[in-house]
Amino acid sequence: MTKDLRFECQPGCIECCRQQGFVYLTQADLERAATFLGLKPAAFERKYVYRTRHRMRLRVPRRANCHFLHQGGCGIHPAKPSQCYAFPFWPELLGSRRAWAKTARYCPGIGQGPLIQIATATAQAEEMRQGFPEQYR
Ligand code: SF4
């Protein structure tokens, strides 16, 4: 486990949103974002979600990182998916000093701000584990 965690998201930064990779969704994520946008969950899913047998993820637009990433930041910030709000306290990052250090190369918030209680960080990681059991088996 990574020790002495400091993290404070930096205003105006969108680097984590610009990284390669998919944003996976729980059913609760889908419903929260749909409500925020004033859509029925089914309508939100048709437009923004790619569902396989075991997982759902946001569709990736052709020439952008995310449908909801605008110049001012995340367009669904108050209702953003759990994977996004838990960052950088993902189990795979918290559990590896190396992965944490690698993430710090693009996330300027790592190493900034007050010390984060380990319990706070692990609670976020646990939420990820529970939300995505296939991924963290
Ligand atoms: S990369 Fe780090 S500092 Fe930048 S928006 Fe993401 S969490 Fe915040």
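For the structure itself, look to the data block above.
Computed from a predicted structure; not experimentally measured.

A. Main features of the overall build of the protein chain. Scanning the protein chain from terminus to terminus reveals 6 helices and 6 strands. Ordering the α and β elements of the protein chain from the N terminus gives β-α-α-β-β-β-β-α-α-α-β-α. A globule of 137 residues ought to have a C-alpha radius of gyration of about 14 Å, and the protein chain, at 15 Å, matches this closely. Summarising its shape, the C-alpha atoms of the protein chain cover approximately 45 × 35 × 25 Å along the three principal directions. Expressed as a percentage of its 137 residues, the buried residues of the protein chain come to 23%.

B. Quick look at the site of the ligand. Around the ligand, a shell composed of Cys 9, Gln 10, Cys 13, Ile 14, Glu 15, Cys 16, Phe 87, Cys 107, Pro 108 and Gly 109 is seen. Class assignment of the residues belonging to the shell around the ligand gives a composition of 7 nonpolar, 2 polar and 1 charged.

C. A look at the environment of Pro 114. On the secondary structure map, Pro 114 appears in strand β6 (residues 110-115). We classify Pro 114 as exposed; it has 9 C-beta atoms within 10 Å.

D. Just the packing of helix α1 (residues 27-36) against helix α2 (residues 41-48), in detail. Between α1 and α2, the shortest axis-to-axis distance is 9 Å and the interhelical angle comes to 100°. Classified by the angle between their axes, α1 and α2 sit roughly perpendicular to one another. Two secondary-structure elements touch here, α1 through Leu 30, Glu 31, Ala 33 and Ala 34 and α2 through Pro 41, Phe 44 and Glu 45. Taken together, the residues that form the contact of α1 with α2 break down as 5 nonpolar, no polar and 2 charged.

E. Structural context of the environment of Phe 68. In this structure, Phe 68 sits in the loop between β3 (56-58) and β4 (69-70). Spatially, the C-alpha atom of Phe 68 lies 9.9 Å from that of Leu 58, the residues being 10 residues apart in sequence. Excluding residues within four positions of it along the chain, Phe 68 makes contact with Cys 74, Gly 75 and Ile 76.

F. Looking closely at unusual backbone geometry. The step from Phe 87 to Pro 88 runs through a cis peptide bond, and the omega angle for that step is 5°. Within the secondary structure, Pro 88 is located in the loop between α3 (82-86) and α4 (91-94).

G. Representation of the environment of Ala 34 within the structure. Mapped onto the elements, Ala 34 comes out in helix α1. Under the C-beta neighbour-count criterion, Ala 34 is labelled buried, with 21 such atoms within 10 Å. For the pair formed by Ala 34 and Tyr 50, sequence separation is 16 residues and the distance between their alpha carbons is 15 Å. Dropping the residues within four chain positions of it, Ala 34 is found in contact with Leu 39, Lys 40, Pro 41 and Phe 44.

H. Quick peek at the nonpolar core. Membership of the largest hydrophobic core comes to 13 residues, with the highest contact counts inside it found for Phe 89, Trp 90, Leu 93, Leu 94, Ala 121 and Ala 125. Of all elements in the fold, only α4 and α6 (118-131) reach the threshold of two or more residues within this core. Looking at this core element by element, the count peaks at 3 residues for α6.

I. How the structure looks around α1. Within α1 the residues assigned to the buried category are Asp 29, Leu 30, Arg 32, Ala 33 and Ala 34. Buried residues along α1 sit against α2, β2 (49-51), β3 and α3. Trailing α1 by a residue or two, Gly 38 shows a phi angle of about 70°, which is positive.

Parameters and conventions
- Residues numbered from 1 in each chain as written.
- Predicted model: local features only at pLDDT ≥ 70, side-chain atom pairs only at ≥ 80, totals over all residues.
- Helix = DSSP H or I, 4+ residues; strand = E, 2+ residues; numbered from the N terminus.
- Rg over C-alpha atoms; globule rule 2.2 N^0.38 Å.
- Buried ≥ 20, exposed ≤ 12 C-beta atoms within 10 Å, placed from the backbone.
- Near = placed C-beta within 6 Å.
- Nonpolar A, V, L, I, M, F, W, Y, C, P; charged D, E, K, R; others polar.
- Axes fitted to C-alpha atoms, helices over the stretch in contact; angles between N-to-C directions.
- Parallel < 35°, antiparallel > 145°, perpendicular 65-115°, else oblique.
- Contact = placed C-beta atoms within 7 Å.
- Core = buried A, V, L, I, M, F, W, Y, C linked by C-beta atoms within 7 Å.

So yeah, pure geometry; function would need other evidence.
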